[in-house]
Amino acid sequence: LPRLNGRLGPNDQLALRATLSRTHYGGGTVSQGLGTLASQAVNTYAHEDYGYRREYQQAAGDWTHRFAGSKLETTLSGSQGRDSVNRLGTVFGSTAPGQTANLYSLIENRQENLWSIKSKLSGTESPLLWSLGAELETRTLDVGSQTTDSSSACAITACSTIPIITCCWSKTTPKARN
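Presented here is an overview of the structure given in this document. Along each chain, residues carry numbers from 1 onward, in the same order as the chain's sequence is written. The model is predicted, so local features are restricted to residues of pLDDT at least 70 and side-chain atom pairs to those at 80 or more, both for listing and for counting; the totals for chains, interfaces and linings are taken over all residues. Each side-chain value is derived from all of the structure's non-hydrogen atoms; neither hydrogens nor water enter the calculation.

## Things to note about the overall build of the protein
Scanning the protein from N- to C-terminus turns up zero helices and nine strands. For the protein, the succession of helices and strands along the chain, N to C, is β-β-β-β-β-β-β-β-β. Accessibility here uses a 1.4 Å probe with only protein chains present; expressed as a share of the type maximum, an area under 20% marks a residue as buried, one over 50% as exposed, and anything in between as partly exposed. With 178 residues in all, the protein has 20% of them scored as buried. Here, residues are in contact when the closest pair of their heavy atoms is within 4.5 Å. Relative to all contacts within the protein whose residues are 6 or more apart in sequence, the contacts with residues 24 or more apart total 61%. When the accessible surface of the protein is summed, it comes to about 12,300 Å², and 58% of that surface belongs to carbon and sulfur atoms. Every helix listed is a DSSP run of H or I at least four residues long, and every strand listed is a run of E at least two residues long, numbered separately from the N terminus. Exposure was quantified through the Shrake-Rupley algorithm and a 1.4 Å probe, taking into account, for residues, occlusion by the shown protein chains and nothing else.

If you want it as structure tokens, here you go:
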């Protein structure tokens, strides 16, 4: 994980990190067969092209400030993941009376976003250890899907966004130092 650390001054420290990744592949399949249906010879041929793509990126920063007798640690982070699937195919079937063709497709796109901020204030000089913290996180998931099938003359499209927000507050119980 690439990271950059440094001091902003005698009481401030900053660390930055980031990740990027991408995957992409695709191809095609072809098949052919011969069979019987209701005592008639059936010749079938199928062809499908497909593609898949995945992207992921994240970034975060950690900042620490030291006060006399305490320190404040804060982290801000965000990430995003995207997936895309595309499929397009054809199935042909032929018998003595005629030929049928069925076209189908699937397109699906997903994206997830995450944002987070965390902060913690801790005592550093007192004989009692203490800390107080807070965290806010928000996530969204977007999904879009479209399918078609010529045999049923049907096209289905669906989209949804799901927001998720999480809040946390924490306070540690004081304990005596050894």
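## Comments concerning the pattern of salt bridges
By salt bridge we mean one thing: a side-chain nitrogen of Lys or Arg within 4 Å of a carboxyl oxygen of Asp or Glu. Inspection of the entire model under this criterion finds eleven salt bridges. With a closest N to O distance of 3.8 Å, Lys-71 and Glu-73 form a salt bridge. Residue Lys-71 is classed as partly exposed on the basis of its relative accessible area, which comes to 21%. Residue Glu-73 pairs with Lys-120 through a salt bridge whose shortest N-O separation is 3.8 Å. Within this pair, whereas Glu-73 is found in strand β4 (residues 70-94), its partner Lys-120 is found in strand β5 (residues 99-123), the two being separated by 47 residues in sequence. Assessed through its relative accessible area of 27%, Glu-73 is described here as partly exposed. Salt bridges here are not isolated pairs; linked through shared partners, they connect Arg-22, Arg-53, Glu-55 and Arg-82.

## Remarks on the pairing of strand β3 (residues 40-67)
If DSSP finds at least two bridges between two strands, the strands pair. Pairing of strand β2 (residues 12-37) with β3 involves 26 bridges; the strand directions are antiparallel. Across the sheet, the residue bridging to Ala-18 is Ala-59, located in β3. If you look at the hairpin formed by β2 and β3, you'll find two residues sitting between the two strands, and Ala-38 has a positive phi there, around 55°. Where β3 and β4 come together, 25 bridges link them in antiparallel fashion. The partner of Gln-57 across the bridge, within β4, is Gln-80. Hairpin connection of β3 to β4: two residues between the antiparallel strands, including Gly-69 at a positive phi of 90°.

## A short note on the packing of aromatic side chains
For Phe, Tyr and Trp, rings pair up if their centres lie within 6.5 Å, where Trp contributes its six-membered ring, and each pair is then called stacked (planes under 30 degrees apart), edge-to-face (over 60) or tilted (otherwise). All told, the structure shown has two aromatic pairs when counted by the stated rule. Considering the side-chain rings of Tyr-25 and Tyr-52, the 5.3 Å spacing of their centres and the 40° angle between planes classify their relative orientation as tilted. Taken together, the positions of Tyr-25 in strand β2 and Tyr-52 in strand β3 put the pair 27 residues apart, joining distant regions of the chain. For Tyr-25, a relative accessible area of 46% translates into the label partly exposed. A relative accessible area of 23% places Tyr-52 in the partly exposed class.

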